[in-house]
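Examination of the molecular architecture
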Amino acid sequence: MASYNVEEVEERIKKFWEKEKIYKFDIKRKGKIYSIDTPPPTVSGDMHIGHAFSYSQQDFIARFRRMFDNNIFYPFGTDDNGLPTEKLVERINKIKSKEMSRSEFIKLCLKTLKNITPDFIKQWKDLGISADYDICYSTIDKNSQKISQKSFIELFKTGRIYKKNFPSIWCPECQTSIAQAELEDKELQSFFSTIKFESEGKVLPIATTRPELIPACVAVFVNLSDERYKKFIGKKAKVPLFDYDVPIFADKSVEIEKGTGVMMVCSYGDKFDVDAINRYKLEPRVIFNYNGTLNFGKYKGMKILEARKKILEDLDKEGLILGKKQISHFVNVHDKCGTEIEFLPTEQWFIKILDKKKILISEGKKIKWYPKFMYKRYENWVNGLEWDWNISRDRHFGVPIPVWNCINCKETILPEEKELPVDPLEKKKICPKCKRVAEPETRVLDTWATSSLTPQLASSLIGNRIKLPYSLRPQAHDIIRTWAFYTIVKSYLHEKKIPWQNVMVSGFVRLKGEKMSKSKGNVIKPKEVIQKYGSDSMRFWAAGSKLGEDLNYQEQDLIAGKKFVTKLFNASKFVFMNMRKTKPKKPKKLEKIDELFLSELNRAISATTTRFKEYNYSGARLVIEQFFWKDFCDYYLEMVKKRIYKGKSNEKLSAQYTLYQSLLSILKLVAPIMPFITEEIYQTYYRKHEKEKSIHLSGWPKYEKFSEKNDWGVLVKNISLVRQAKTQKQIPLNSISDVITIPVKEYKIIKTYEEPFISVSGALVIKAGKEFKIDFPEVKVK
């Protein structure tokens with residue numbers, strides 16, 4: 001190897017892995033299987049930096065476990081039945097799904113996915129993700145649809161799934177109902193306006209940020225304890241601008257100190273309005289269409305924000321605004337598009353979960369969360385649930401809900417299991433009771449209704465041989481409320497089991513402290529980073545943050561990774577330049593310094609192993625990095641150079657054996673984080689001597705007992721003091737040191753390893769004294 005060509009090496013190594021099936025899962029292999037519920041990335045465009053960050057971190061653990069446990073189940077999948085994929089297909093083909101028939105749009109989606117998915121998956125291979133890509137599912141393929149529909153039918157039969165027509169969370173942009181878990185808080189600027197309502201000629205002020213809901217007002221609430229408004233209770237209030245009366249009720253939910261202390265109840269501003277209208281049996285006035293436009297009067301056809309502005313103008317003209325101020329507040333938006341959500345009456349399908357909150361919290365406690373505090377996010381989410389799980393979506397592309405409804409006798413008709421997967425729009429069903437043709441369900445399942453079954457989807461590809469619980473679920477913290485929660489729900493409802501024993505939760509990538517987004521123009525593309533620095537350097541960067549913590553993207557971290565690759569390459573080249581063509585055998589007696597270094601290596605292996613077992617890959621990287629740079633390169637290589645070049649037979653053999661074994665162990669410790677450079681060095685120097693065809697199939701280095709004494713630390717500390725003294729004197733590091741005085745407590749240790757100490761320090765004489773001291777003669781170079 002003359003020089004390390006990152007692009008050429010990584011491309012060649014990828015082909016080697018693929019050709020040799022290095023990461024192929026072997027169900028027949030004996031021993032424990034470490035199973036990973038791999039997160040299926042959403043097919044919505046190119047890999048983003050967050051993908052590279054979190055998938056690298058899960059792959060560190062996968063590669064470690066492959067070497068440590070010998071066999072891992074590490075499948076791959078793509079999540080491609082959801083709204084992001086549908087939006088991508090619309091964007092690529094410059095169409096709108098609602099303008100096409102469902103069958104036509106589904107065909108277009110499947111055709112588009114067939115064209116783009118191979119290139120999409122290739123980005124994960126380029127990053128070195130060591131999944132078995134032959135065990136690969138798509139959440140829209142026929143097998144996944146069958147499993148998802150079977151889940152629906154089982155839960156329906158047990159009474160867990162029900163259909164109800166009532167106000168649900170609705171996205172006007174995506175024109176579909178959504179679940180509580182798909183809401184995000186977004187800070188927006190708005191006007192907080194105090195509007196003049198009246199009752200029997202007296203002013204009743206109501207403050208609101210949503211004047212467009214005034215024509216949807218069906219009641220006014222005040223608090224019974226509020227002396228200001230007691231006299232209005234039981235009377236009528238006139239709705240300003242729209243000139244109709246609504247009842248005034250006393251309700252303890254009104255906060256006296258909030259706003260004006262008077263609240264309008266509208267259909268529907270939020271969940272409170274839904275509840276209030278039901279409690280008082282009020283007739284709703286629904287003013288919004290599903291596409292986010294108004295449906296009455298001169299405001300008909302206006303978008304909600306446009307109507308808000310116009311109604312404020314009209315209120316102002318009529319002198320009905322008592323006060324107005326601009327505020328910044330948080331509103332609920334749909335996490336897929338950022339649009340403010342509404343509550344609109346629609347018929348939807350739900351899974352009952354509110355009655356299982358305590359059990360779901362208990363199930364979460366059975367799982368080990370890494371880091372531990374992420375469990376609290378899960379618990380807080382479950383405790384805060386206010387709705388059952390809405391699993392139906394008013395979209396074209398997705399897993400069809402497998403039911404037919406008889407309009408005549410209200411019968412819900414299910415398919416037989418042998419008919420799955422089925423699209424009710426494509427298959428006619430006759431009602432078994434009245435013998436009339438039943439109406440097919442037109443909605444599709446929420447993507448999470450299928451993605452919550454990823455353990456079952458993956459296991460089904462190998463004959464359901466992997467059972468719950470899996471060993472690990474890796475994922476990002478923003479989908480604890482969705483993917484983690486819903487998978488726990490489905491696993492409990494179907495099997496009364498936890499889905500995994502462990503969860504490792506990654507953070508986000510930020511740029512200068514800010515979350516990356518296209519709108520801010522601060523997006524980093526992994527493909528470009530890999531082209532410039534290589535995949536190993538990007539993975540080295542991803543290993544730089546503690547699990548669960550956000551990481552600021554800094555190019556200097558990539559540069560550090562590239563330097564590490566170069567140093568590992570050059571150090572390996574040096575070791576084997578001075579090595580026999582045959583594998584060096586362990587001599588009958590190792591030199592003392594070699595025994596000491598191997599003991600220190602054992603300490604590093606032990607520390608690295610412990611950290612990887614605890615999913616502390618950043619701690620593992622730190623141990624490896626310090627041991628390789630400092631202990632191996634800066635000190636041990638310098639200590640053995642003389643023996644390698646001029647040593648006697650046993651001295652040289654001891655050094656060669658120690659170099660061979662210690663470098664191989666270092667490569668194995670580095671391999672989970674930097675798989676390409678370690679494979680290249682292994683193939684170049686070790687493959688002809690070792691039995692495994694890839695370093696990633698070789699056993700994790702075993703460690704023996706190591707000395708609790710810190711002799712190695714004392715040795716390198718004193719060498720470091722010599723180097724510091726020479727640097728301060730501005731003389732070459734390889735210059736001769738006349739007399740070096742070592743503190744009495746450390747002198748015996750240095751004397752034990754006198755030869756390597758003298759070799760590196762250039763000392764002519766070493767002696768014991770009160771403190772470290774070095775005397776220089778006239779500068780002479782060794």
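The structure displayed is predicted, hence computed values, not measured ones. (Residues numbered from 1 in each chain as written. Predicted model: local features only at pLDDT ≥ 70, side-chain atom pairs only at ≥ 80, totals over all residues. Heavy atoms only, no water.)

**So, the overall build of the protein chain**
Within the protein chain, the regular secondary structure consists of 22 helices and 29 strands. Along the longest, intermediate and shortest principal axes, the C-alpha atoms of the protein chain span 105 × 65 × 45 Å. Counting every position in the protein chain, which comprises 782 residues, the buried fraction comes to 56%. The contacts in the protein chain between residues at least 6 apart in sequence include a share of 78% that link residues at least 24 apart. For the protein chain, the accessible area works out to roughly 36,100 Å², and carbon and sulfur atoms hold 50% of it. Between the centroid of the 138 positive side chains of the protein chain and the centroid of its 99 negative side chains there is a distance of 5 Å. (Helix = DSSP H or I, 4+ residues; strand = E, 2+ residues; numbered from the N terminus. Buried < 20%, exposed > 50% of the residue type's maximum accessible area, 1.4 Å probe, protein only. Contact = heavy atoms within 4.5 Å. Areas by Shrake-Rupley, 256 points an atom, 1.4 Å probe, with all protein chains shown as cover. Lys, Arg positive; Asp, Glu negative; His and termini not counted. Charge placed at Lys NZ, Arg CZ, Asp CG, Glu CD.)

**Describing the layout of surface pockets**
As a volume, the second largest pocket reaches approximately 1,200 Å³. If you go around the second largest pocket, you meet 41 residues; those closest to its centre are Thr209, Arg210, Lys258, Gly269 and Asp270. Among the secondary structure elements, those contributing two or more residues to the lining of the second largest pocket are strand S7 (183–199), strand S8 (202–208), strand S12 (262–266), helix H6 (271–279), helix H7 (304–317), strand S13 (321–334) and strand S14 (342–351). Broken down by element, the residue count for the lining of the second largest pocket peaks at five residues, all from S7. (1 Å grid on protein atoms, 1.4 Å probe; cavity = no way out; pocket = protein on both sides within 12 Å on 5 of 7 lines; lining within 4 Å. Points joined across faces, edges and corners; volume = space filled by probe spheres on them.)

**A look at the pattern of salt bridges**
Going through the model one piece at a time under the given rule, you end up with 53 salt bridges. Across the pair aspartate 59 and arginine 539 runs a salt bridge whose closest N-O atoms are separated by 2.8 Å. Separated by 480 residues along the polypeptide, aspartate 59 in helix H2 (residues 49–69) and arginine 539 in helix H14 (residues 535–542) bring together distant segments of the chain. Accessibility classification places aspartate 59 together with arginine 539 in one group, the buried group. (Salt bridge = Lys/Arg side-chain N within 4 Å of Asp/Glu carboxyl O.)

**Some remarks on helix H9 (residues 374–383)**
Two residues of an α-helix separated by three or four positions point the same way, owing to the 3.6 residues in each turn. Buried within H9 we find Met374, Tyr375, Tyr378, Glu379, Trp381 and Val382. Down the axis, H9 shows its buried residues gathered within 160° of arc, on one side only. Buried residues along H9 sit in contact with helix H8 (357–365), strand S15 (368–370), helix H12 (480–495) and strand S23 (500–506). (Arc of directions from axis to C-beta.)

**Quick word on the sheet that holds strand S16 (residues 389–390)**
The strand order across the open sheet formed by four strands is S6-S5-S14-S16, and the pairing between neighbours is antiparallel. Two strands bound the open sheet, and with one partner strand each, they are strand S6 (176–177) and S16. With two bridges joining them, S14 and S16 adopt antiparallel strand pairing. Each bridged residue has a counterpart across the sheet, and for phenylalanine 350 the counterpart in S16 is asparagine 390. (Pairing = 2+ DSSP bridges.)

**What about the sheet that holds S15?**
One open sheet accounts for three strands, arranged S15-S23-S22; its pairing is parallel. Strand pairing shows two members of the sheet lacking a second neighbour, S15 and strand S22 (470–476), which therefore form its edges. Neighbour-to-neighbour, the strand axes of the sheet open up by a mean angle of 20°, direction not taken into account. Relative to S23, S15 runs parallel, the two being bridged by three bridges. Paired with tryptophan 369 across the strands is valine 503, a residue of S23. Sitting on the sheet, H2 is in contact with S22 and S23, with an inclination near 140° to S23. (Axes fitted to C-alpha atoms, helices over the stretch in contact; angles between N-to-C directions.)

**Topic: the packing of aromatic side chains**
In this description, a pair of aromatic rings is defined by centroid distance and the angle of the planes. Applying the stated rule across the entire model yields 53 aromatic pairs. The interplanar angle of 80° and the centroid separation of 6.2 Å between the aromatic rings of phenylalanine 221 and phenylalanine 249 together place this pair among those described as edge-to-face. With phenylalanine 221 in strand S9 (residues 217–222) and phenylalanine 249 in strand S11 (residues 244–250), this residue pair connects regions lying 28 residues apart in the sequence. Owing to a relative accessible area of 0%, phenylalanine 221 belongs among the buried residues under this scheme. Pairing phenylalanine 597 with tyrosine 636 gives two aromatic rings, centres 4.1 Å apart and planes at 10°, and the pair type is stacked. You can see phenylalanine 597 sitting in helix H16 (residues 592–613) and its partner tyrosine 636 sitting in helix H17 (residues 617–646), a full 39 residues away along the chain. Of the two residues examined, phenylalanine 597 and tyrosine 636, each falls in the buried class. Following the ring pairs from residue to residue traces out a cluster consisting of Phe540, Phe564, Phe597, Phe627, Phe628, Trp629, Phe632, Tyr636 and Trp712. Its guanidinium or amino end placed over the ring of phenylalanine 191, lysine 324 lies 4.6 Å from that ring's centre, counting from NZ or CZ. (Phe/Tyr/Trp six-rings, centres within 6.5 Å; stacked < 30°, edge-to-face > 60°. Lys NZ or Arg CZ within 6 Å of the ring centre and 35° of its normal.)

**Quick word on the environment of valine 722**
Along the chain, valine 722 falls in helix H20 (residues 711–729). For the pair valine 722 and isoleucine 666, spaced 56 residues apart in sequence, the C-alpha to C-alpha distance is 27 Å.

**Things to note about the packing of helix H5 (residues 142–157) against H12**
At a minimum axis distance of 11 Å, the contact between H5 and H12 shows a crossing angle of 60°. By the criterion of interaxial angle, the relationship of H5 to H12 is oblique. Two packed elements cross with a definite hand, and for H5 against H12 that hand is left-handed. Facing H5, whose interface residues are Ser151, Glu154 and Leu155, H12 presents Lys490, Leu493 and His494. When its residues are assigned to classes, the contact of H5 with H12 shows two nonpolar, two polar and two charged. (Parallel < 35°, antiparallel > 145°, perpendicular 65-115°, else oblique. Left-handed = near helix turned anticlockwise from the far one by under 90°. Nonpolar A, V, L, I, M, F, W, Y, C, P; charged D, E, K, R; others polar.)

**Here we look at the packing of H8 against H9**
Across the interface, H8 lies against H9 with an axial gap of 9 Å and an inter-helix angle of 175°. The angle between H8 and H9 places the two elements in the roughly antiparallel class. Counting all contacts with H8, which are made through Lys357, Leu360, Ile361, Gly364 and Lys365, the residues of H9 involved are Tyr375, Tyr378, Glu379, Val382 and Asn383. For the contact of H8 with H9, the per-class residue count stands at five nonpolar, two polar and three charged.

**Comments concerning empty space enclosed by the protein**
One pass over the full model with this rule turns up five cavities of 30 Å³ or more. Looking at the largest cavity, its volume works out to about 130 Å³. Around the largest cavity, the lining is made up of 15 residues, and of these Gly82, Leu83, Arg393, Arg395 and Thr447 lie nearest the centre.

**As for unusual backbone geometry**
Negative phi values dominate among residues other than glycine, just as trans dominates among peptide bonds. Of note, the amide linkage connecting tyrosine 370 to proline 371 takes the cis form, showing an omega dihedral of -10°. Looking at the element boundaries, proline 371 is found in the loop between S15 and H9. For the bond running from leucine 420 to proline 421, omega is -5°, close enough to zero to count as cis. If you trace the backbone, proline 421 turns up in the loop between strand S19 (412–413) and strand S20 (439–440). In this model, lysine 21 sits at a positive phi of 50°, which is unusual for a non-glycine residue. On the secondary structure map, lysine 21 appears in the loop between helix H1 (6–19) and strand S1 (34–35). Since its relative accessible area comes to 45%, lysine 21 is described here as partly exposed. We note that asparagine 70 has phi near 85°; this positive angle belongs to a residue other than glycine. Here asparagine 70 is to be found in the loop between H2 and strand S2 (72–73). Here asparagine 70 falls in the partly exposed class, since its relative accessible area comes to 37%.

**So, the side chain of glutamate 90**
Within the secondary structure layout, glutamate 90 lies in helix H3 (residues 83–93). Exposure remark for glutamate 90: the relative accessible area of 7% places this residue in the buried category. Ignoring anything within four residues of it in the chain, the contact list for glutamate 90 reads Ile95, Lys96, Ser97, Phe105 and Arg395.

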